[in-house]
Amino acid sequence: DTLKVRLRTGGIVDVRMLGINTPERGRCGTGDATDNLRKLAPVGSTVNMVSDRTQAAKDRYGRLLRYVARTGGYKDLSYRQMWNGFSKPYVFGKKPVARHPQYVRASQTARNTDRGLWASCW
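## Re the overall build of the chain
Thinking step 1. Tallying secondary structure elements over the chain gives three helices and six strands in all.
Thinking step 2. Walking the chain from its N terminus toward its C terminus, one meets helices and strands in the order β-β-β-α-β-β-α-β-α.
Thinking step 3. Relative to the 2.2 N^0.38 estimate, which gives 14 Å for 122 residues, the radius of gyration of the chain is 14 Å and therefore close to what a compact globule would have.
Thinking step 4. By its C-alpha atoms, the chain is 40 × 30 × 30 Å across when sized along the principal axes.
Thinking step 5. A burial count over the chain gives 37% of its 122 residues as buried.
Thinking step 6. In the chain, of all internal contacts separated by at least 6 residues, the share reaching a separation of at least 24 is 60%.
Thinking step 7. Accessible surface computed for the chain: about 7,700 Å², of which carbon and sulfur atoms make up 48%.

Right, here's the structure in full:
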């Protein structure tokens, strides 16, 4: 659920994708979730980031909080991680992201069809 992104200005930032949660390091499915995200946004991909006015700009670790879309690819990587079954909906501080209802539906579909980690870890 976190990407390293090189900005046009040259700096590199950590970006926490909004509305999802993937397994932490050492947990079942961590590698599979990482591999799936690498397929969705391979190193060198161009991405666009969009903030959500219902959420803070950064988290407590200094990561940017953004929706991420790959140019020429999926328009919402958080949604696609969820649809593929490699993440679950995430709500911080009882304030769901604006896209939360879509993420819940994608997660339910993945669960109902045993996609991704629903078949092996959850």
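After that view, the rundown keeps rolling.
## Some remarks on the layout of surface pockets
Thinking step 1. The space that makes up the largest pocket amounts to roughly 1,100 Å³.
Thinking step 2. Forming the boundary of the largest pocket are 31 residues, of which Thr2, Leu3, Lys4, Val5 and Leu37 lie nearest the centre.
Thinking step 3. Only strand E1 (2-6), strand E2 (12-17), helix H1 (30-40) and strand E4 (47-50) provide two or more residues apiece to the lining of the largest pocket.
Thinking step 4. In terms of residue class, the lining of the largest pocket is made up of 12 nonpolar, nine polar and 10 charged.
Thinking step 5. Of the voids in this model, the second largest pocket is the one considered here, and its volume is about 390 Å³.

## Focus: the nonpolar core
Thinking step 1. Counting 18 residues, the largest nonpolar core has Leu3, Met17, Leu37, Val68, Leu77 and Tyr103 as the members making the most contacts within it.
Thinking step 2. For this core, the elements supplying multiple residues, two or more each, are E1, E2, H1, strand E5 (64-70), helix H2 (77-83) and helix H3 (100-112).
Thinking step 3. Look past the residues within four positions of valine 68 in its chain and what remains in contact with it is Leu3, Val15, Met17, Val47, Asn48, Met49, Lys75, Asp76 and Leu77.

## As for H1
One turn of the α-helix equals 3.6 residues, which is why residues spaced by three or four share an orientation.
Thinking step 1. Thr30, Ala33, Asn36, Leu37 and Leu40 are the residues of H1 that are buried. Buried residues of H1 fall within an arc of 135° about the axis and therefore sit on the same side. For H1, the exposed residues set more than 90 degrees away from the buried face come down to Arg38 and Lys39.
Thinking step 2. Residues of H1 that are buried in the fold lie against E1, E2, E5 and H2.

## Describing the confidence of the model for the chain
Thinking step 1. The pLDDT averaged across the chain works out to 96; a share of 100% of its residues lies at or above 70.
Thinking step 2. Taking the mean pLDDT of every element in the chain, the minimum, 95, falls on E1 and the maximum, 98, on H3.

Cut-off values and rules
- Residues numbered from 1 in each chain as written.
- Predicted model: local features only at pLDDT ≥ 70, side-chain atom pairs only at ≥ 80, totals over all residues.
- Heavy atoms only, no water.
- Helix = DSSP H or I, 4+ residues; strand = E, 2+ residues; numbered from the N terminus.
- Rg over C-alpha atoms; globule rule 2.2 N^0.38 Å.
- Buried < 20%, exposed > 50% of the residue type's maximum accessible area, 1.4 Å probe, protein only.
- Contact = heavy atoms within 4.5 Å.
- Areas by Shrake-Rupley, 256 points an atom, 1.4 Å probe, with all protein chains shown as cover.
- 1 Å grid on protein atoms, 1.4 Å probe; cavity = no way out; pocket = protein on both sides within 12 Å on 5 of 7 lines; lining within 4 Å.
- Points joined across faces, edges and corners; volume = space filled by probe spheres on them.
- Nonpolar A, V, L, I, M, F, W, Y, C, P; charged D, E, K, R; others polar.
- Core = buried A, V, L, I, M, F, W, Y, C linked by side-chain atoms within 4.5 Å.
- Arc of directions from axis to C-beta.
- pLDDT = per-residue confidence, 0-100.

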